[in-house]
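Understanding the architecture of this molecule
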Amino acid sequence: MAPERNNEAAEVKEWGWSQQPACVPLSRKVFRKWLAKVNADHYEEDATLCFMELLTNAIRIPSPSGLTETKWLLFEDKLRIEVKDYSDEAPWASNPGPDSENGRGLILVHLLADKWGYDHCTFIGEDGFVPGKWVWFELHK
């Protein structure tokens, strides 16, 4: 998860989002403003869509703090977005039917991102250690 020492992120933003569906439109606005602020708006369309998909999936999984944590990292040659959730299940792209309203998010991430994946990890919760993962994607210049 941590960037290599010789490839440190030029910009890093960490943010915790309320686990309510209403946070998704707000997070989209904040994310777009951050991209513009760090002169990375050339990533905006694909990055925003991928970020929204990962965040929407993550807020469905209750966290001990009631927040879904995110990390945005801008490197010289790429943008990396990480979203934490408290499920130790691997993310998987489903096979939605033609009338299904859900199930296409990770398919879109797979098609738009240059790389994506997840890293299992353990977090400290009120009752001790909690299994979870960071789901991430990268867009390259």
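The shown structure was predicted, so the numbers you read here are calculated from the model rather than taken from an experiment. (Residues numbered from 1 in each chain as written. Predicted model: local features only at pLDDT ≥ 70, side-chain atom pairs only at ≥ 80, totals over all residues. Heavy atoms only, no water.)

To continue, consider helix α1 (residues 23–37). Here α1 contains 15 residues, and its C-alpha end-to-end distance of 21 Å stays within 8% of the 21 Å for a straight helix at 1.5 Å per residue. Listed as buried for α1 are Cys23, Val24, Ser27, Val30, Phe31, Trp34 and Leu35. One face of α1 carries all of its buried residues, which in axial projection span an arc of 140 degrees. Along α1, the residues that are exposed and aim more than 90 degrees away from the buried face are Lys29, Lys33 and Lys37. On the buried face of α1, the contacting elements are β1 (11–18), α2 (44–58), β2 (67–74) and β3 (78–85). (Helix = DSSP H or I, 4+ residues; strand = E, 2+ residues; numbered from the N terminus. Expected span 1.5 Å × (residues − 1). Buried < 20%, exposed > 50% of the residue type's maximum accessible area, 1.4 Å probe, protein only. Arc of directions from axis to C-beta. Contact = heavy atoms within 4.5 Å.)

It is worth spelling out the pairing of strand β5 (residues 128–140) at this point. Here β3 pairs with β5 via 8 bridges, running antiparallel. Note on β5: the bridge partner recorded for Val83 is Val135. In this sheet, β5 lies alongside strand β4 (residues 115–125) in antiparallel orientation, the contact comprising 11 bridges. Pairing of Trp116 across the sheet is with Phe137, part of β5. With antiparallel pairing between neighbouring strands as the criterion, β4 and β5 make up a hairpin whose turn holds 2 residues. (Pairing = 2+ DSSP bridges.)

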